[in-house]
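# Structural overview
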Amino acid sequence: MGKIHVTDRNGGEHELEVQNGASLMEPLRDEVDGGIEALCGGMCSCATCHVFVEPQWFAKLEPRQDDELELLEGTECFEDGTSRLSCQIIMRDDLDGMRLTVAPEE
């Protein structure tokens, strides 16, 4: 289990514990007021779990797959070096302490 540091849409700061092997989507949806919607439930078929991962942490993530990138590029606030779908980020030991910001609602 590791911790992530989240800035919500309202500028609030949160520290969440996430089980190794779990996606970041569920704790961001369930535990953060001003967090994500995750309308597709983690199926990588919408972009309502869009987050901006700080660059030093972004570099540690698995590369985006084509379907994730296509969804992100369709958003108004896509940032190539920080945008990810939280449903596609799987927690592991080396991500303990990661910092991210919930993307603006579109």
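Residues numbered from 1 in each chain as written. Predicted model: local features only at pLDDT ≥ 70, side-chain atom pairs only at ≥ 80, totals over all residues. Heavy atoms only, no water.

### Remarks on the overall build of the protein chain
Looking only at helices and strands, the protein chain features 3 helices and 5 strands. Reading the protein chain from its N terminus to its C terminus gives the helix and strand order β-β-α-β-α-α-β-β. Rg of the C-alpha trace for the protein chain: 12 Å, near the compact-globule value of 13 Å for 106 residues, within the 12% margin. Along the three orthogonal principal directions, the C-alpha set of the protein chain runs to about 30 × 30 × 25 Å. Within the protein chain, the proportion of its 106 residues that are buried is 42%. Taking all contacts inside the protein chain whose residues are at least 6 apart in sequence as the whole, residues at least 24 apart take part in 63%. (Helix = DSSP H or I, 4+ residues; strand = E, 2+ residues; numbered from the N terminus. Rg over C-alpha atoms; globule rule 2.2 N^0.38 Å. Buried < 20%, exposed > 50% of the residue type's maximum accessible area, 1.4 Å probe, protein only. Contact = heavy atoms within 4.5 Å.)

### Quick look at the pairing of strand β5 (residues 98-102)
Only one face of β5 is buried: it carries Met98, Leu100 and Val102, and the other face, with Arg99 and Thr101, is open. Relative to β5, strand β1 (residues 2-7) is paired through 4 bridges, and the arrangement is parallel. Paired with Val6 across the two strands is Leu100, which belongs to β5. Looking at chain direction, strand β3 (residues 50-53) and β5 are connected through 3 bridges and run antiparallel. (Pairing = 2+ DSSP bridges.)

### Regarding unusual backbone geometry
Here the phi dihedral of Ala38 falls at roughly 55°; this positive angle occurs in a residue that is not glycine. With respect to the helices, strands and loops of the structure, Ala38 is situated in the loop between α1 (25-31) and β3. In the Ramachandran plot, Cys44 falls in the positive-phi region, its phi being about 55° despite a non-glycine side chain. Position of Cys44 relative to the elements: it lies in the loop between α1 and β3.

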